[in-house]
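The primary structure of each chain is shown beneath.
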Amino acid sequence: MGELTAESYFAAGHFDSPDNEYLDFVRKVAERAAQTEIYVVRREEEIIGSMTLIRAGSDYADIARADELEIRMLSVDPAAQRRGVGRSMVQAAIERARLIPGINAVSLTTGSSWDSARGLYESLGFVHYPERDWFVPNTDIELVVYAYSLQPRWIQPGSR
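Not measured: the values here are computed from a predicted model.

As a further point, take the pattern of salt bridges. By the definition in use, this model includes four salt bridges. Among the ionic pairs, Asp62 bridges to Arg72, the shortest N-O distance being 3.2 Å. Pair noted here: Asp62 is in the loop between strand E2 (46-55) and strand E3 (68-76) and Arg72 is in strand E3, with a separation of 10 residues, a long-range link. Exposure remark for Asp62: the relative accessible area of 37% places this residue in the partly exposed category. Among the salt bridges present, the one from Arg132 reaches Glu68, with a minimum N-O distance of 2.9 Å. Taken together, the residues Arg132 in the loop between strand E5 (127-128) and strand E6 (134-135) and Glu68 in strand E3 connect sequence positions 64 residues apart.

Structure, rendered in structure tokens:
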């Protein structure tokens, strides 16, 4: 699973080298599993997608607030992309968050130029919160923050 994540990030052009320090980090699935929830999508016996769900306070949390469940390291095998796998995983994260008392939102970061990922999140109702955007330490890589509220949106009188 860690190798799939690293390979999909590299194949998408997010990193210059398959030996990037962050890609080494995502390969350490067993360590991450001790503090997080890890989900895997399989087609037959083959892993074609994965994601990590994280609560605030975990060593793996980047942006999760106390009432948020954070999605990290969502990846889909390049051969399975554009087939709804990523969408299904994000929807599963939302459903998982609804089951956790005190969780009111799902949050995540994505690359500022990763248009297809941003389009997916926006199509599912995630909202960009630019005031929460941040740069990876010691780099010029900007990450943007999205969140999905689990609270119902009330329709104002006279609006549709």
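From this point on, the discussion continues.
Counted residue by residue, E2 has seven buried out of 10 residues, so it is predominantly covered. For strand E1 (residues 37-43) and E2, the ladder comprises seven bridges, and the chain directions are antiparallel. Of the residues in E2, the one forming a bridge with Glu37 is Leu53. The loop that links E1 with its antiparallel partner E2 comprises two residues; one of these, Glu44, has a positive phi angle of about 60°.

Criteria and cut-off values
Residues numbered from 1 in each chain as written. Predicted model: local features only at pLDDT ≥ 70, side-chain atom pairs only at ≥ 80, totals over all residues. Heavy atoms only, no water. Salt bridge = Lys/Arg side-chain N within 4 Å of Asp/Glu carboxyl O. Helix = DSSP H or I, 4+ residues; strand = E, 2+ residues; numbered from the N terminus. Buried < 20%, exposed > 50% of the residue type's maximum accessible area, 1.4 Å probe, protein only. Pairing = 2+ DSSP bridges.

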